[in-house]
Amino acid sequence: MATTEFDTSLPSIKQLQELIKQKTVVEWKLVNGDLLKGKICWQDHNCVCIVNEQNQQITIWKQAIAYFHSQ
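Here, residues in each chain are numbered from 1, in the same order as that chain's written sequence. Note on the predicted model: pLDDT of at least 70 is required for a residue's local features to be given, and 80 or more for side-chain atom pairs to be given and counted; whole-chain, interface and lining totals, by contrast, use all residues. Values shown for side chains rest on all heavy atoms present in the structure; no hydrogens or waters enter the calculation.

1. A short note on the pairing of strand 4 (residues 57–61)
1) Next: One requirement defines pairing of two strands: DSSP has to find at least two bridges between them. Note on conventions: DSSP H or I runs of at least 4 residues are helices, E runs of at least 2 residues are strands, and numbering of each starts at the N terminus. As paired strands, strand 3 (residues 47–51) and strand 4 are joined by five bridges and run antiparallel to one another. Residue pairing for strand 4: cysteine 49 is matched across the bridge by threonine 59.
2) Next: Counting the residues that bridge the hairpin from strand 3 to strand 4 gives five residues, and of these asparagine 55 lies at a positive phi of roughly 65 degrees.

2. Quick word on the UniProt feature "domain: Hfq-related" (unreviewed entry) in the protein
1) Next: UniProt positions are given in the numbering used here, feature names are shortened, and annotations may be inferred rather than shown by experiment. Following the UniProt record, the feature "domain: Hfq-related" (unreviewed entry) maps to residues 10–68 here.
2) Next: Helix makes up 20% of residues 10–68 and strand 49%, with an end-to-end C-alpha separation of 16 Å.

3. So, the environment of phenylalanine 6
1) Next: Its place among the elements puts phenylalanine 6 in the segment before helix 1 (11–22).
2) Next: Between buried and exposed lies partly exposed: a residue is buried under 20% and exposed over 50% of the maximum accessible area for its type, with that area taken using a 1.4 Å probe on protein chains only. A residue is classified by how much of its surface remains accessible, and phenylalanine 6, at 33% relative accessible area, is partly exposed.
3) Next: As a C-alpha pair, phenylalanine 6 and threonine 24 span 18 residues in sequence and 22 Å in three-dimensional space.
4) Next: Here, two residues are considered to be in contact whenever any of their heavy atoms come within 4.5 Å of each other. Not counting the four nearest positions on each side in its chain, phenylalanine 6 is found in contact with Ile13, Gln43, Asp44, His45 and Lys62.

4. Re the packing of aromatic side chains
1) Next: Side-chain rings of Phe, Tyr and Trp (the six-membered ring for Trp) are treated as a pair once their centres are within 6.5 Å; stacked means planes under 30 degrees apart, edge-to-face means over 60, and tilted covers the remaining angles. Scanning all chains against the criterion turns up one aromatic pair.
2) Next: Centroid distance tryptophan 28 to phenylalanine 68: 4.8 Å. Interplanar angle 35 degrees. Geometry classified as tilted. Linking tryptophan 28 in strand 1 (residues 25–30) with phenylalanine 68 in strand 5 (residues 65–70), this pair joins segments that are 40 residues apart in sequence.
3) Next: Its relative accessible area of 0% is what places tryptophan 28 among the buried residues.

This is the structure in structure tokens:
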């Protein structure tokens, strides 16, 4: 069931917020096998937006993320 509220008390939300503050490069593995890398610009309850090395913004649906880790 999809949530409609952005719950900032969740550990996953807190972790992403900290990565945004620190401007950390994050590697994202998507469920389709794609691998993306970039700094997180923002997140909402549905998506995460990253900026890659070419300064392109990429919006990723959270449901498409298999896992992520910081570099």
